[in-house]
Amino acid sequence: MVPIAMAAAALLAGRRVCALIGAGLSVSSGIPDFRSPGGMYDTLKPELLTASEAERRAMRADPTAVVSWEIFSRNQLPYLELRRPFMLGVLEKEDKSKSAYKPTLGHFFFRVCHDKGLLGRLYTQNIDGLDYKTGIPNDKIVSVHGTLGRVECEGCKAPYPSEKFCSEVRQKIRDIYNIDPLAPKESTAIVCESCKRPLVKPATVLYGRNLPAEFWEKKDEDMRDLDVLIVAGTSLAVQPAASLVTLTDKVPLETSPAP
């Protein structure tokens, strides 16, 4: 681990910085992480979701199955029910939602790095889209696991209007958390306007699907040309994102462990 003083000296010297961040950076925004004790996977209750018994058994055996292509391709409702408040909190405009999530000082640190001409690229494992709310240019951010900030059809990739999606979620998707008294009692599908299949969801990467092409296209050059690699809010447990630290001969600066 690089001492903080050495990292600070490198930043003050105007060295090129890349960063790999994870869920720990967004927890103080009110967004639950997925893998820690008490996180979304640890507290998953398959019996609350609109799913077959076989699908529930798969989710009990491996909680990540709830966000897998294997289940989503047959039944989209568990994904949408599990992430209902999360999706609405990210996608709805702040003047319409008191629960809208906001970037933390940790997120804005990388905006400062950009403003100082230091930031080469920000690799985020987070799907919450908060990095884009800091004003960092989109081409400086690689969303390794996709983002909730954009909606599309998982089948044909046609974009779907975010405002309409939020309205559909409120009208068609059950609230398993008992937060929204106006939520429907039963969930129904949200259908793609283009291909007419019920595969509409935020543009996150499902287990069993490919990562965005830009991750593969940019990672080798970025890791080769950097001076400082900052690792924040991630336990480096998920591949292939964790492999970034093996692509550079620089010692990563780990600012804090993931929660």
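Within every chain, residues take consecutive numbers counted from 1 along the sequence as written. Selection of residues for local features in this predicted model requires a pLDDT of at least 70, selection of side-chain atom pairs for listing and counting requires 80 or more, and totals for whole chains, interfaces and linings are taken over all residues. The side-chain values count all of the structure's non-hydrogen atoms but skip hydrogen atoms and water molecules.

Residue-level account of the overall build of the protein, with values.
Secondary structure follows DSSP: runs of H or I at least 4 residues long count as helices, runs of E at least 2 residues long count as strands, and numbering of each begins at the N terminus. Scanning the protein from N- to C-terminus turns up eight helices and seven strands. Relative to its 259 residues, the protein shows a buried fraction of 50%. Contacts were defined at the residue level, with two residues in contact if any of their heavy atoms lie within 4.5 Å. Considering only contacts within the protein whose residues lie at least 6 apart along the sequence, 66% involve residues at least 24 apart. Only protein chains enter the accessibility calculation, which uses a 1.4 Å probe. A residue is then buried if its area is under 20% of the maximum for its type, exposed if over 50%, and partly exposed in between.

Can you explain the environment of L247? Please cite residues and give values.
Turning to its location among the elements, L247 is positioned in the loop between β6 (228-232) and β7 (253-256). Spatially, the C-alpha atoms of L247 and E221 are 9.4 Å apart, while their sequence positions differ by 26 residues. Ignoring sequence-local partners within four residues, the contact set of L247 consists of K219, D220 and M223.

Report on the nonpolar core, specifying residues and quantitative values.
By nonpolar core we mean a set of buried residues, namely Ala, Val, Leu, Ile, Met, Phe, Trp, Tyr and Cys, connected to one another through side-chain atoms within 4.5 Å. With 37 residues, the main nonpolar core has M59, Y79, F165 and I190 as its most contacted residues. Among the elements of the structure, α3 (69-72), α4 (77-82), α5 (84-91), β4 (146-153) and α7 (162-172) are those that each provide at least two residues to this core. Sorting elements by how many residues they give to this core places α5 first, with five residues. For I190, the residues in contact, after removing those within four places along its chain, are L80, Y160, F165, E168, V169, K172, I173, R197, P198, L199 and V200.

So what's going on with the side chain of N126? Residues and values would help.
Within the fold, N126 resides in the loop between β2 (119-124) and β3 (141-143). For N126, a relative accessible area of 5% gives the class buried. N or O atoms closer than or at 3.5 Å make up a polar contact, with two conditions inside protein: a donor-capable atom paired with an acceptor-capable one, and, for residues adjacent in sequence, both atoms drawn from side chains. A polar contact of 3.0 Å, which involves the side chain of N126, links it to the backbone oxygen of G22. Engagement of the side chain of N126 in a polar contact is seen with the backbone nitrogen of A23, the distance being 2.9 Å. Not counting residues up to four positions away in its chain, the partners in contact with N126 are I21, G22, A23, S26 and G146.

Quick one: what's the story with the pattern of salt bridges, residue by residue and with numbers?
Take a side-chain nitrogen of Lys or Arg and a carboxyl oxygen of Asp or Glu: if they are within 4 Å of each other, that pair is a salt bridge. Counted by the stated rule, this structure contains 19 salt bridges. Across the pair R150 and E152 runs a salt bridge, and its minimum N-O distance is 3.9 Å. Since its relative accessible area comes to 12%, E152 is described here as buried. Among the charged side chains, a network of salt bridges with common partners joins R150, E152, E154, K157, K201 and R209.

Nothing here speaks to function; it is all geometry.
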